[in-house]
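Single-letter residue listing:
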Amino acid sequence: MSELPDNQELIDQYCDIHKNVWPEIIEGQRAVGILDMQIYRDDRKLFMIVDTVDTFDWERDMARLALMPRQAEWEAYVSQFQGCSAEARSDEKWHLIERIF
């Protein structure tokens, strides 16, 4: 889960850039065991659903993802829409939530 700033222009831009995610970002996700990633928005709240291989470990593999080609550049780019530091990694922006059902 993550939250966008209260700025409709930035929210619209954030949604638009996710229509054309850079190929290197998708390739990096696959390389660390992410099979599919979906982001849903409810006003300013973002929810990410990540389908992974069985051996995927959130902390370990998100740290590996941070080292993949163009990942740091992508994180810096999208940070302007997320209201966080350009140095923030994906695992610092997104927080695991507990599945209860």
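Up top is the structure these notes are about.
Residues numbered from 1 in each chain as written. Predicted model: local features only at pLDDT ≥ 70, side-chain atom pairs only at ≥ 80, totals over all residues. Heavy atoms only, no water.

Colleague: Which parts of the structure should I look at to understand the overall build of the chain?
Modeller: Check the secondary structure of the chain and you find 5 helices and 3 strands. Listing the helices and strands of the chain from first to last along the sequence gives β-α-α-β-β-α-α-α. Taking 13 Å as the expected radius of gyration for a compact globule of 101 residues, we find that the chain reaches 13 Å, a close match to that expectation. Taken across its 101 residues, the chain has 30% of its residues classed as buried. (Helix = DSSP H or I, 4+ residues; strand = E, 2+ residues; numbered from the N terminus. Rg over C-alpha atoms; globule rule 2.2 N^0.38 Å. Buried < 20%, exposed > 50% of the residue type's maximum accessible area, 1.4 Å probe, protein only.)

Colleague: Would you mind showing me how to read helix α2 (residues 23-31) here?
Modeller: At 3.6 residues per turn, the α-helix brings residues three or four places apart onto the same side. Taken as a whole, α2 has its buried residues at I25, G28 and Q29. The arc that holds the buried residues of α2, viewed along the axis, is 100 degrees, so those residues lie on one side. Seen from the buried face of α2, the exposed residues on the opposite side, beyond 90 degrees, are P23 and E27. At its buried positions, α2 is contacted by β2 (34-42), α3 (58-65) and α4 (71-82). (Arc of directions from axis to C-beta. Contact = heavy atoms within 4.5 Å.)

Colleague: Quick question: what am I supposed to make of the sheet that holds strand β1 (residues 2-3) here?
Modeller: Consider a sheet: its strands pair through backbone hydrogen bonds, and that pairing is either parallel or antiparallel. The sheet built from 3 strands is open, its strands ordered β1-β3-β2 with antiparallel pairing. Looking along the sheet, the strands with just one partner apiece sit at the ends: β1 and β2. One ladder, built from 2 bridges, connects β1 with strand β3 (residues 45-52); its direction is antiparallel. Residue pairing in the sheet places E3 in a bridge with K45 of β3. (Pairing = 2+ DSSP bridges.)

Colleague: How should I be thinking about the pairing of β3 in this particular structure?
Modeller: A regular strand carries its side chains on alternate faces of the sheet. Alignment of β2 against β3, held across 8 bridges, turns out to be antiparallel. Among the inter-strand pairings, Q38 is bridged to a residue of β3, identified as I49.

Colleague: I keep staring at the packing of aromatic side chains and nothing clicks. Help me out?
Modeller: Here the distance between the centres and the angle between the planes together describe a pair of aromatic rings. For the structure shown, the criterion picks out 4 aromatic pairs. Between W22 and Y77 the ring centres are 5.7 Å apart and the planes differ by 15 degrees, which places this aromatic pair in the stacked class. With W22 in the loop between α1 (8-17) and α2 and Y77 in helix α4, this residue pair connects regions lying 55 residues apart in the sequence. Overall, the relative accessible area of 18% leaves W22 in the buried class. Linked through ring pairs, W22, W74, Y77 and F81 together constitute an aromatic cluster. Positioned above the aromatic ring of W22, the side-chain terminus of R70 is 4.0 Å from the ring centre. (Phe/Tyr/Trp six-rings, centres within 6.5 Å; stacked < 30°, edge-to-face > 60°. Lys NZ or Arg CZ within 6 Å of the ring centre and 35° of its normal.)

Colleague: What is the right way to look at the environment of V21 in this model?
Modeller: By the element assignment, V21 lies in the loop between α1 and α2. What makes V21 partly exposed here is its relative accessible area of 26%. Separated by 68 residues in the primary sequence, V21 and R89 place their C-alpha atoms 16 Å from one another. Residues in contact with V21, not counting those within four places in the same chain, are I26 and W74.

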